[in-house]
Every structure is written in structure tokens, then in C-alpha cells.
Amino acid sequence: MKPSLLAAALFCAAAWAAGAAPAASKPASSPAASPQPAASASLEESPLATVEFLDGKVSVTRDGEPLKDFSIGDELFDEDLLATGADGSLVLALAPATGMRGTIRVSPKSSFYLRSESPGEERKSQAELIAGQLGLKMKKLAGEPSFEVTSGSTVMGVRGTEFTVTSSPSGALLVACVEGEVACAEDGDAASAVPGQVVERREGSRLRRLAVAAGEAEGFRQRWAEEEAAAFRRDAPRAAKAIAQRYLELQAAFAENQEKAAGSEVLRRWIAERKAGAKGGRPDLAALERDLKELRKLGPGLVEGRRLLGQLERANAEVAALEEALAGDEAVLRQEIRKGLTVGDFFGKFAAERERLDRQVAWFRQAGKLLKQREGLFERARSGGPGGPPPPPPPPKP
């Protein structure tokens, strides 16, 4: 199953996609021998996980390109998109760069991004769940690393524990903890999942804790997921118009917010350098600072675009589930979303634009990744840390 990124497509103009997607090769683990452009200096990546097990249909997309011959032992990096088909399953082993030891189990019909929020010594890692279910079992290696799971505006902080996060087609969420504690937060609301109590979030509702009998967490989760899927299928004819309309409104809001970002020369140059494989060398702090200052002018639009990105990708998963649920229901497919656009027309447009828009949203994900890398590089270089200039020699002894 090819993962769809359609929902975030309108972040950038169509011209961005043309020739912008980099090759799918793995990031190199050693620096290049010759100096490279300043903005790409010391940008080697550390893997966030490796593949421990896979079965059935599994795909990995990196910088907009699906990886070929994906197999056990392969490394996974920041902003890699992982997706499983109806018969697919996947187990990842976390890498030392996360500061955690443990595994992530990916259930069938699931998709998520691996992310590193602040590459470097702080070690803040994240799994951004778009659809389906993840099972996590982990604990800290040393120091104060953090690992979070996000779904929509809900953030789940891992505290050395074993738990599952399940997202339904309608966007409802269930967090079930087998061992330890999972601190869940959303828009100032907070609740913790512990053995015997799950945390549930439904669309438009606050987080709430539900009591579960000892040893029944997995059975409760399975029943919850089955009931949510059945309710979605049952309500699909009634909800079709609202789901499609919400999707179209998100697209419009996303496009309006990103007009100024579409012409960013800095982002286009960074992506071209990435595609050419530029890395290594010492950073030119002045040139890097100029690039970052230029992008800060787009700051509010980029922040809002990133906020809308996750909403759109989850809406995309909801539309795909809706299309499956309504297959063959001609009465619903003939309903008008707005004058001149039926539900069936909407699904046709959705399919026709999929590939082109997938490339565009992959461009945005990559641009965000490169911005994170360069911000981290600049801070390290300015402080004389790894990737930066060496510290000044000590003063001569008297």
C-alpha cells in the first residue's frame, strides 16, 4: 500500500515538486572528504531506529521517494514515513541516538512518521501517528532523553513503559498502558494512562480516563477499535458531506497560509544541496545565519503550515477510509458537497491529484527537516560543539 501524503499538498506551489524530490538513498554515516557548501556542513544523520521484523505489505518513504528492497536491519531516519497494508506488520528497534532502548510495533493499516525534534545532545524523539496503532515498549538508557507519541494535538510522554496508542478512522484516540505510566496532554488538558485505567479522546471532547479490569487492557482495546470502525462505517453516508467539506476547508486554509513560503530561494537551495549529497566540512556561520534570518521572515506562515500539516494528513486518512466505506453507494456518491461537486466527484479529484500532491507535501516535510538540522548545526557551531569550529586554544601558561 503506497502511503498517501495528499492531505498536506497545498503547502507549496506546484513548481516546488518539479525536480525537487531527492533520491531515496540512505544518509551517509561518514563525512565527505572535500569541503561542501556552508549551509550543508556537518549534516550527517544518526539513525533513530532499525528494522527488527517485517511481514506483509510495508513501505518506507524518505524525502518523497519510496525505499526499494526494504528489509530487516535497515536504518530509519528523521521524517521517514512508515506505512503498513492490511496484511502488514513491522517491529522497529530504537537506536542509541534516541537515548532510549526498546521497540515500536506497527499494526496493519497504520502509518506514522519517525521524528527527531532537536537533533544532537538533547535527544528528543517522536512518533507522529497518522492512522492505525502503535505498540511501544521502552526505557531510558541514560541522562534525560525524551520520547513522545503525538496524534493530532494530543501528546503522550513516555516514562519507561509499555503501552499502545490506537487511532480510529474518525480520529478518536485510545491509550492503554500495560506497565508504567503514559502522561497524555492536549490543549491544557491532562490525564495519565496506567495499568487499570486507559485514556480516551474523542473528536471535540476532553481527555478522559476509563477504568479497565486488571489484565483486560488488550481485550478492551480490541473491542474499542472494532466498535469505532463499525460506527464509522455505519455513519459514513450521513457524515460524507461533512468530512469532504472539512477536508476542502483545510486545504484552502493551508494554501492561503503558505503563499509567501512558495518562493523561498533558501529552501529550494537547501533541497538542491541535499539532492546533490552535500554534507561535511565546517559551517560558514555568517552564511548560515543569513539563511536562517531570511526564513524567520516566513516564521508565522511556516509555523501555521506545520500545524495544519498533521491535520491534513489525518484528514486524508479519514477520506480514504470514507471512500472505502462508501464504495458502491450510488445514492451517497451523488450527494452534492457544494454546487457542482458531488461526493463521487470529490473522490475522483482526490485520486487524480494524489501523486502530484504527494510530491508537494514530501517537499514540505523535507524542507522542515532541513530547517531543523541547520538550526541545530548553527547552535552547535556557535557554541563550539560537535559540527562547529574548534574552541579557542587555552591562554599560554605564565
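As shown above, the structure is provided for reference.
Residues numbered from 1 in each chain as written. Predicted model: local features only at pLDDT ≥ 70, side-chain atom pairs only at ≥ 80, totals over all residues. Heavy atoms only, no water.

## Details of the pairing of strand E16 (residues 197-201)
In step 1: The element E16 is largely enclosed, with a buried count of four among its five residues.
In step 2: When strand E13 (residues 173-179) meets E16, the two strands line up antiparallel, connected through three bridges. The partner of Leu-174 across the bridge, within E16, is Glu-200.
In step 3: Both E16 and strand E17 (residues 208-211) contribute to a ladder of four bridges, which runs antiparallel. Bridging across to E17, Gln-197 finds its partner in Ala-211.
In step 4: Linkage of E16 to E17, two consecutive antiparallel strands, is achieved through a turn of six residues, within which Gly-204 is found at a positive phi near 80°. (Buried < 20%, exposed > 50% of the residue type's maximum accessible area, 1.4 Å probe, protein only. Helix = DSSP H or I, 4+ residues; strand = E, 2+ residues; numbered from the N terminus. Pairing = 2+ DSSP bridges.)

## Examining the packing of helix H5 (residues 299-325) against helix H8 (residues 354-383)
In step 1: It is the contact of H5 with H8, at a shortest axis distance of 12 Å, that shows an interaxial angle of 135°. With respect to each other, H5 and H8 are oriented oblique. The chirality of how H5 crosses H8 is left-handed. Judged by residue contacts, Gly-305, Arg-306, Leu-309 and Glu-313 of H5 engage Val-361, Phe-364 and Arg-365 from H8.
In step 2: By residue class, the composition of the contact of H5 with H8 is three nonpolar, one polar and three charged. (Axes fitted to C-alpha atoms, helices over the stretch in contact; angles between N-to-C directions. Parallel < 35°, antiparallel > 145°, perpendicular 65-115°, else oblique. Left-handed = near helix turned anticlockwise from the far one by under 90°. Contact = heavy atoms within 4.5 Å. Nonpolar A, V, L, I, M, F, W, Y, C, P; charged D, E, K, R; others polar.)

## Concerning the side chain of Ser-111
In step 1: On the secondary structure map, Ser-111 appears in strand E8 (residues 111-116).
In step 2: The contacts of Ser-111, once residues within four sequence positions are left out, are Leu-81, Leu-82, Ala-83, Glu-128, Leu-129, Ile-130 and Ala-131.

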